[in-house]
Structures are given as structure tokens and as C-alpha cells.
Amino acid sequence: MSDNGSHLKTIELPPAITVRELAQIIGSSPIEIIKNLMANGVMANINQQIDFDTAAVVAAEMGFEATLETPETMEDDQGEIPLWRRLIADENQRDLVNRPPVVTILGHVDHGKTTLLDAIRHTNVAEGEAGGITQHIGAYQVEHNGRTITFLDTPGHAAFTAMRARGAQGADIVVLVVAADDGVMPQTREAVAHAKAAHVPIIVAINKVDKANADKERVMQQLAENGLVSDEWDGDTIMVPMSAKKRLGIEDLLEAILLVADNTDIRANPKGRVIGTVIEAERDRTKGVMATLLIQNGTLKVGDVVVAGSTYGRLKAMFDYRGRKIHKATPSTPVSVMGLSEVPAAGDVFLMIENERDAKTMVQERVQAEHESQTAAKSGVTLEQLFDRFQAGEVRELRLIVKADVQGSLEPIISSLQDMSKGEISINILYAETGNIGENDIMLASASDAIVIGFSVQPDSAARRLAESEGVSIRLYDIIYRLTEDIEKALKGMLAPEEKETVIGHADVRAVFHISKLGNIAGCRVTDGELRRNARMRVLRAGQVIFEGPISSLKHLTEDVREVRTGFECGVGFKNFSEFQAGDTLECYIVEKVAVT
């Protein structure tokens, strides 16, 4: 309820805030915030950032007066702590030493991420090691002013977020690349949101400043609107103008990275417990499983036994980013290793274990726990049936497989669903990925009694057929809050039946007749199925729908009939349409209310 009277409660808001955070502050649901934003002409998802002015308008309509947070207040939020940082908190503080900062580069496609990585790599290699990089391991190190910086060559914020999702935090610093001629784009905003969610400091590289249409000031203004205020404007975000293509500003960027690193607690214990993150992994035909690991604490050695996710192994060999054999690796060092039994997932946290027996036991326990969470009777379940089974005491969770068009849609959906998973029925997201719905998704849903949710995607024909034969429910959406509302209703047993359309026949218009009391009548021949008097009809011309509505008259010869089947001729009339032409196609269909499936 809005309260626009004189007794507004005062709240402090930062320069930029996500819809979810705003909802938590004012004690409302994210869906209410989204609806309010839509009423004000702003389209935003649950994890999207809105500026202070927009948030203040929404807050005012919901009974709150917003003031801008002071910097002192903003520093209070320490945010989430990654797993490896929590583990090394137990290390002896006297043994902690500074380690090289780990940097990942994010930004919109075509804004120059790859060109920048290449420019940094070759600036360093030009000192006498040209051609020295013999293999790509997803990470490399450069020297600047006698200090080392580690760069993660990951495919953008999707991989960065995957690491966070598994409790890791691969990067200490994010370099956000924004093209000076293009400005802030959707992927730029997503990258900012991911970096802020991980509470990682951001340096902005304003790239392509050498182009004739470059507008650095416009970029800085757009970034300020997304909560990144330049240090030139008394903000706390370093922004470096540069041209990766011409290798201008590279030195300035490396200086900025070291400056931010000096103001950030980037330390580790080389003598302590070995912990790190899997950067990437693959199965090589000749070498077997090859995994790129980033050591974040301790010193990893050849012969050590490590567990990463649901795989383990004794390390047979280690290589640095140049492909040279090494025997040990200290914190912030990326290494390519041989010896794991299976391919681990990017973002998995790895640990060194004393012996292979303990490692095998740990992996077996993890695999068993994962198997138990996914195994269920094969019997297909709809959202309506879920509540019945809950009341009968048969089920305590709603299992979902979520597919979305892009990562930026997938994450707010998952986040929204996880927020709902606090009532009597929990939500278990078995699998979430971008791309259309395929047979593998249906097979997983069938095996685990799950429902498939699609956002701005479609199932392919094979997936549709398999879903029908296996009794798997597919639900498709193109608005996030409709999706979350449906799931909420399902969890409360309130899901209303949905309308289902079935095409039952087609007819070709052969001629047009005028009847004084009825107007124009289409003389037709039914080409397939049937036409029914109580059904609805579309008039198609050159593949386009030009009219849709109920049938007002259906005649065979001179008699009124209820239906006309394939091969027979008939006359068809509509109440509000008479512009028939020979060659039009009539499509007859019925609409039924069915239980949600």
C-alpha cells in the first residue's frame, strides 16, 4: 500500500541498488517493486540495478522517503565471503604474505576484452619471450615494476558467476572494458552487477579512445548512473582511458591494478592448507584429463592428491602458463595439471587431501549425496498435482529444470526461485542453463519428477514428443514475474487452469456470395479436419491473419449444419467480417480450459 501522507518513514539508499535489495529494505516483495517500476515505465528484473532517483520514486509510492547514503554508511556492508577466504581465515596471521592480485576482464561483446588481454600478454612477452606461450590454459601472469599480476582469460561474466555459485571467487579485481564509442550496453550492466554481487573492486578500462566518435565523458556519465563514479568526479572507481588495439594506456592500467591491490587485503599462507579454484578443464586424447587450477592458499606440488568437486587424483605433472614443467606452485599461480580421474567443473573449489583413500571416500560421499537429491520415481508431475501430493505427505519439494535465452535472464530467475524456497515446500533447481529445451532436459525431468521451465526459449520438436510420451510438464514464459507468480501459486495450491488452443480444420475460400440478410458469405471446401458451428475461426491471407472471431453461420447447400468435414463444400459467415477473397484460407480452432500440465 502507498502512503503519500506526511508520515513517511525515512530510509537510506546507495547511488545504485538492485530490485531485490530495495524490496528487502522496504519490506516488500520483489514482484511488487517490479510492478511499480513497470507502472513508471521502467522494465527491470530482480537482480537489475536501478539508480537512486528511480528507487526513491518507487520508495515514495510505497510510503518511504529515501535519502542518499553517505560513504561511511556504504562501507559497512562486507557482503558474502567466498569459501577459500573463509578457510584461510583460520591460518596463522603471522604466516600470511602478500600474493599477486588475480584479475579477470569483463565487459560487453566487441568492446575489446580479447584485444586487451592480447595487448597485456604481448607487452610482457616482448621483453624477450616472443612465442614463448606454447599452450592456452585460461590464465597467465605478467610482470610490471618487478611485481606479478595473474590474469584469468575466462569467457566473461558467465564463468565468473559460475565460480561464485560454487563458493569460489576466482578474481580479486575486475577490469570492466567499456568501448568509448559505444558506451554502457546490457552486458556491461550485467558485468557490473556480477562484480558488485561478488564484492570485488572494479577498475574501468575505457577502450577505443582513439576512435573519431569516442565520447569518454558520456561513458563516465553512463557508468555513474550504474553506480560506478569516476575518481575524476570524486568517486572511488579508477577509470583508465586506453586503446588496446594501439597499445595505449596499458602501462596505466597495470599501475591501476597494483594500486587497487595495495589497498585490498590480498594475502595467503604459502605454508598453509592448499586451496584453490578450477579455472577450466578438458579431456585431452593423449594426456587424459587436463585441468587449469588457480592456487589461492598453500603450495601445490607434483605428487599431491587433490579433490575437485566430484573427482580426485594424484598429480602426475604440472605446467605453468608457458607450458613449462614445474614441480610446485605458490598462491595466485595458475597451473595446468595431469592426474585427475574425471573432468571437474569450472569454478569447483579444490583441496589437497592427505591420501588417495580419503580422497576417494570424500568423492563417493559427494556423488552419493548428489545422486540422492536427483533420484525420484518416474511419474511426471504437474504444478497442480504437486500441491495434492504435498497435502498427502508424499512430496516436500518442487524440482525444476530452468532454461533461458541468456545468462542475464537465467540468474535473476534462479535467484527469485531460491528466495521462494523457504516455505513448507522447497524448490530444488536440478539444472539451469541457457539455450532451447532439448531431449536431455526432458530425460532429466522424467528421471527426477521435475517440471521444465522455459524463459524466452522453445522446446525443439524431439523434446516436445518426448515430453508428451514421458508425461513431463513444460511451461513457457516471457515475463519473469509471470513465471515467479505461477510458481508461487503452485506452492500455495492456487494455480488456475490454463486455456489450450487446438486447430481442428482448414478450408479454402473458392468464391464469395452476397446474401441480403447475412452479408458476404465465403463459399468454401474443407481441405482437412472439420469446421464446427460453435468453434472459432481465423481468416488467413498470404499467411497473415486478417480476422479472428466466432462463426455466425455455417451452411451445407441450403441447410444450417453443426459441422462440415473434409472434402465437403459449405458457406461460412462472420458477424463482424465480410471482406472475403477467393484464395483465403479459413482455420477452425477450439479453446479449452485444461488443468495445468
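Residues numbered from 1 in each chain as written. Predicted model: local features only at pLDDT ≥ 70, side-chain atom pairs only at ≥ 80, totals over all residues. Heavy atoms only, no water.

**Looking at the pattern of salt bridges**
Part 1 of the argument: Going through the model one piece at a time under the given rule, you end up with 19 salt bridges.
Part 2 of the argument: With a closest N to O distance of 3.1 Å, K211 and D181 form a salt bridge. One end of the pair, K211, is in the loop between β10 (202–207) and α9 (216–225); the other, D181, is in the loop between β9 (173–179) and α8 (186–197), and 30 residues separate them in sequence.
Part 3 of the argument: A salt bridge links D441 to K403, with the shortest nitrogen-to-oxygen separation between them at 2.8 Å. Of this pair, D441 sits in helix α14 (residues 439–448) while K403 is found in strand β22 (residues 397–404), placing the two residues 38 residues apart along the sequence. Each member of the pair, D441 as well as K403, is classed as buried.
Part 4 of the argument: Counted as one network, the salt bridges with shared partners bring together E501, R538, E548 and E587. (Salt bridge = Lys/Arg side-chain N within 4 Å of Asp/Glu carboxyl O. Helix = DSSP H or I, 4+ residues; strand = E, 2+ residues; numbered from the N terminus. Buried < 20%, exposed > 50% of the residue type's maximum accessible area, 1.4 Å probe, protein only.)

**Topic: the sheet that holds strand β6 (residues 102–107)**
Part 1 of the argument: The sheet built from 6 strands is open, its strands ordered β7-β8-β6-β9-β10-β11 with mixed pairing. Of all the strands in the sheet, the pair left with one neighbour each is β7 (139–144) and β11 (239–241). Adjacent strand axes in the sheet meet at a mean angle of 30 degrees when their direction is disregarded.
Part 2 of the argument: Sheet topology note: the β10/β11 ladder contains 3 bridges and is parallel. Residue pairing in the sheet places A205 in a bridge with V240 of β11.
Part 3 of the argument: Along the sheet, helix α10 (residues 250–262) makes contact with β6, β7, β8 (147–152), β9, β10 and β11, crossing β8 at roughly 100 degrees. (Pairing = 2+ DSSP bridges. Axes fitted to C-alpha atoms, helices over the stretch in contact; angles between N-to-C directions. Contact = heavy atoms within 4.5 Å.)

**Section: α10**
Part 1 of the argument: A rise of 1.5 Å per residue sets the reference length of α10, with its 13 residues, at 18 Å; its end C-alpha atoms lie 19 Å apart and thus fit the reference within 8%.
Part 2 of the argument: Listed in full, the buried residues belonging to α10 are I250, L253, L254, A256, I257, L258, V260 and A261. (Expected span 1.5 Å × (residues − 1).)

**Observations concerning the confidence of the model for the protein chain**
Low pLDDT marks regions whose predicted coordinates should not be analysed in detail.
Part 1 of the argument: Chain-level pLDDT for the protein chain is 78 on average; 78% of the residues reach the 70-or-more range.
Part 2 of the argument: Scored below 50 in pLDDT, residues 1–6 makes 11 contacts in the model with residues more than four places away or belonging to other chains.
Part 3 of the argument: In this model, residues 164–168 is a region of pLDDT below 50 whose contacts with residues beyond four sequence positions or in other chains number 19 contacts. (pLDDT = per-residue confidence, 0-100.)

**Quick word on the packing of aromatic side chains**
Part 1 of the argument: Enumeration over the complete set of coordinates arrives at 5 aromatic pairs.
Part 2 of the argument: For the ring pair Y140 and F151, a centre distance of 5.8 Å and an interplane angle of 25 degrees mean the geometry is stacked. Here F151 lies in strand β8 and Y140 lies in strand β7, a separation of 11 residues in the sequence. With respect to class, Y140 is no different from F151; both count as buried.
Part 3 of the argument: By way of ring pairs, the aromatic residues F547, F574, F577 and F580 are connected into one cluster.
Part 4 of the argument: The side chain of K287 reaches across the aromatic face of F319, ending 5.5 Å from its centre. (Phe/Tyr/Trp six-rings, centres within 6.5 Å; stacked < 30°, edge-to-face > 60°. Lys NZ or Arg CZ within 6 Å of the ring centre and 35° of its normal.)

**Focus on the side chain of T484**
Part 1 of the argument: Inspection of the secondary structure puts T484 in helix α16 (residues 480–491).
Part 2 of the argument: Here T484 falls in the buried class, since its relative accessible area comes to 4%.
Part 3 of the argument: From its side chain, T484 meets the backbone oxygen of Y481 in a polar contact 3.0 Å long. (Polar contact = N/O pair within 3.5 Å; in protein donor to acceptor, adjacent residues only side chain to side chain.)

**Quick word on the sheet that holds strand β23 (residues 426–434)**
Part 1 of the argument: Reading across the sheet, the 4 strands line up as β23-β22-β24-β25 and stay open at both edges, with parallel pairing between neighbours. What marks the edges here is a single partner per strand, and that holds for β23 and β25 (474–477). Neighbour to neighbour, the strand axes of the sheet diverge by 25 degrees on average, direction disregarded.
Part 2 of the argument: Taken strand by strand, helix α13 (residues 407–420) contacts β22, β23 and β24 (451–455), and its axis lies near 175 degrees from that of β23.

**As for α9**
Part 1 of the argument: Within α9 the residues assigned to the buried category are V219, M220, Q222 and L223. For α9, the arc enclosing every buried residue in end-on projection is 160 degrees, short of the 170-degree limit, so these residues lie on one face.
Part 2 of the argument: Along its buried surface, α9 packs onto β9, β10 and β11.
Part 3 of the argument: The first or second residue beyond α9 is G227, which carries a positive phi of 90 degrees. (Arc of directions from axis to C-beta.)

**Describing the environment of V192**
Part 1 of the argument: Relative to the elements of secondary structure, V192 occurs in helix α8.
Part 2 of the argument: Owing to a relative accessible area of 2%, V192 belongs among the buried residues under this scheme.
Part 3 of the argument: Sequence separation between V192 and L223 is 31 residues; the distance between their C-alpha atoms is 9.3 Å.
Part 4 of the argument: Residues in contact with V192, not counting those within four places in the same chain, are Q49, L176, I202, N226 and L228.

**A look at the nonpolar core**
Part 1 of the argument: Membership of the largest hydrophobic core comes to 29 residues, with the highest contact counts inside it found for L116, I120, F151, V175, I203, L253 and I257.
Part 2 of the argument: Looking at this core, the elements with two or more residues in it are β6, α6 (113–125), β7, β8, β9, β10 and α10.
Part 3 of the argument: When residues no more than four places from it in sequence are discounted, the contact partners of I120 are I105, Y140, V142, F151, I250, L253 and L254.
Part 4 of the argument: The next biggest cluster of nonpolar side chains, apart from the first, holds 22 residues, and it includes I504, C524, C570 and F580. (Core = buried A, V, L, I, M, F, W, Y, C linked by side-chain atoms within 4.5 Å.)

**Focus: unusual backbone geometry**
Part 1 of the argument: A positive phi angle, close to 65 degrees, is found at K208, a residue other than glycine.
Part 2 of the argument: Within the element layout of this structure, K208 appears in the loop between β10 and α9.
Part 3 of the argument: Classification of K208 as partly exposed rests on a relative accessible area of 21%.
Part 4 of the argument: Phi at S332 takes a positive value of approximately 75 degrees, unusual for a residue other than glycine.
Part 5 of the argument: By the secondary structure assignment, S332 is in the loop between β19 (328–329) and β20 (334–340).

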